[in-house]
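# Observations on chain architecture
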Amino acid sequence: MAVDPQTLIHDWDSWHAEREAELRAPHGWLSLTSLHWLDAEPAAFPGAPGRWSVHADGVLLQAEPGDGLSHGGEAIEGELVLSPVEGGAGVTLQHGERLVEVIQRGGAYALRVRDPQAPTRTAFTGVPAFTPDARWVLDASFEAYAQPRKVTVGAVVPGLIHEQTARGVLRFELDGVAHALTAMDAGDGGLSVLFRDATSGLSTHGGARSVSVDEPGADGAVVLDFNRAINLPCAFTEYGTCPLPPAENVLPVAVEAGERRPR
């Protein structure tokens, strides 16, 4: 497709600035300081007051009056059962300026602590990226499945799995060679594509990158812009539980576009 280079760079600069501002948010991905997996035995964890354990309906928190935990502005004392949704944002409790997030991933439960003073956030200077290039703005066609399909993929955490909803296949050409990528439901009306390529583990993060695609038109036509490929949280912190792409989403070419490896 025809792309004006000046417009491409102007729009990308604005998008990149918004992306970095989102990462700098006080309780964004850069604020993670720990990840604790729970089991049936009540246990205490650094940065997460109280005692935590797996319960039949989710996670059981046993809190003392002096623990300083609250939820929705209400102090928590005694026992409280929390039921985070699988793969969802989790249930968040407040502890001073920190947040304690209770999550469910792959059927297991865990705590994540978000602290605005985390070194990964306070030392953040931006995300390195390739120079935007019109070569990586591609016309693509989306072939929807008759019905969305549940797809199980691995994760950066050994032994953990994620279940995602695949909506269809994106087909495109790069330098005259045909490629296809499985596209997942982004949950916001669009598509999300997790992929690896020949740069993965070298100039880009080894796990995966993600690129968002607007909802396809009636004819399936979409624009696939690899200049806006972003790192997943696990590229910035060891406390992420990011999914890996499905096996078919490993491109044999070097996609030198989008965000680079940050560390």
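Shown above is the structure to which this text applies.
All right, on to the layout of surface pockets then. Sizing a probe to match a water molecule and rolling it over the atoms shows the empty space that remains. In this model, the largest pocket occupies a volume close to 1,000 Å³. Lining the largest pocket are 33 residues, with Trp-29, Gln-164, Leu-232, Pro-233 and Pro-243 sitting closest to its centre. Per-element tally for the lining of the largest pocket: the top contributor is strand S12 (residues 161–174), with four residues. The class makeup of the residues in the lining of the largest pocket is twelve nonpolar, twelve polar and nine charged. Taken as a whole, the second largest pocket encloses approximately 460 Å³ of empty space.

What follows is about the nonpolar core. The biggest cluster of nonpolar side chains holds 21 residues, and the ones touching the most others in it are Leu-170, Phe-172, Phe-195, Leu-224 and Phe-226. Looking at this core, the elements with two or more residues in it are strand S11 (137–154), S12, strand S13 (177–185), strand S14 (191–195), strand S15 (209–213) and strand S16 (221–225). When near neighbours in sequence (up to four residues on either side) are disregarded, Leu-224 contacts Trp-136, Val-137, Leu-138, Ala-140, Leu-170, Phe-172, Val-211 and Val-213. In this structure, Leu-38, Phe-45, Val-100 and Val-113 belong to the second largest nonpolar core, which totals 17 residues.

Our focus in this paragraph is the packing of aromatic side chains. The description of two aromatic rings rests on the distance between their centres and on the angle between their planes. With the rule as written, the count across this model stands at four aromatic pairs. Arranged with centres 5.2 Å apart and planes meeting at 75°, the rings of Phe-195 and Phe-226 form a pair that is edge-to-face. On the criterion of sequence distance, the pair formed by Phe-195 in strand S14 and Phe-226 in the loop between S16 and strand S17 (230–231) is long-range, its members being 31 residues apart. When its relative accessible area of 0% is taken as the criterion, Phe-195 is described as buried. These aromatic residues form a ring-pair network of at least three members: Trp-136, Phe-172, Phe-195 and Phe-226. Against the face of Tyr-145 rests Arg-149, its NZ or CZ located 3.6 Å from the ring centre.

In terms of burial, strand S4 (residues 58–63) is a largely internal element, five of the six residues being buried. Sheet analysis places strand S3 (residues 48–55) next to S4, joined by five bridges and oriented antiparallel. What sits directly across from Trp-52, in S4, is Leu-61. Once S3 ends, the chain turns through two residues before running back antiparallel as S4. Here five bridges tie S4 to strand S7 (residues 78–82), and the two strands are oriented antiparallel to one another. Of the residues in S7, the one forming a bridge with Leu-60 is Val-81.

Read across the sheet, four strands follow the order S2-S3-S4-S7 without closing on themselves; strand pairing throughout is antiparallel. Across the chains shown, the open sheet's two edge strands, defined by having one partner strand only, are strand S2 (43–45) and S7. On average, adjacent strands in this sheet sit at an angle of 35° to one another, irrespective of strand direction.

What counts, and at which threshold
- Chains are numbered independently. Their residues run from 1 in the order of the written sequence.
- With the structure being a predicted model, the display of local features is reserved for residues of pLDDT at least 70 and the display and counting of side-chain atom pairs for 80 or more, all residues being used for whole-chain, interface and lining totals.
- As a rule here, side-chain values come from all non-hydrogen atoms in the structure, and water together with hydrogens is ignored.
- Lining residues are defined by having an atom within 4 Å of a point belonging to a cavity or pocket. Those points lie on a 1 Å grid over the protein atoms alone, cavities being sets where a 1.4 Å probe fits but cannot get out and pockets being open sets with protein on both sides within 12 Å along at least five of seven lines.
- Grid points are joined across faces, edges and corners, and a volume is the space filled by probe spheres set on the points.
- Helix numbering and strand numbering both begin at the N terminus, where a helix is a DSSP run of H or I of at least 4 residues and a strand a DSSP run of E of at least 2.
- Gly counts as polar in this scheme, as do all residues outside two lists: the nonpolar Ala, Val, Leu, Ile, Met, Phe, Trp, Tyr, Cys and Pro, and the charged Asp, Glu, Lys and Arg.
- Among buried residues, the Ala, Val, Leu, Ile, Met, Phe, Trp, Tyr and Cys ones that are joined through side-chain atoms within 4.5 Å form a nonpolar core.
- Buried residues are those whose accessible area, probed at 1.4 Å on protein chains only, stays under 20% of the maximum for their type, while exposed residues exceed 50% and partly exposed ones sit between those limits.
- We call two residues in contact when some of their heavy atoms are within 4.5 Å.
- Pairing of aromatic side chains here covers Phe, Tyr and the six-membered ring of Trp, requires ring centres within 6.5 Å, and sorts the geometry by plane angle: under 30 degrees stacked, over 60 edge-to-face, intermediate tilted.
- Geometrically, a lysine NZ or arginine CZ counts as sitting over a ring once it is within 6 Å of the ring centre and also within 35 degrees of the ring normal.
- Following DSSP output, two strands are said to pair if at least two bridges run between them.
- Axis lines are fitted to C-alpha atoms, over the contacting stretch for helices. Their N-to-C directions set the angle, which ranges from 0 to 180 degrees.

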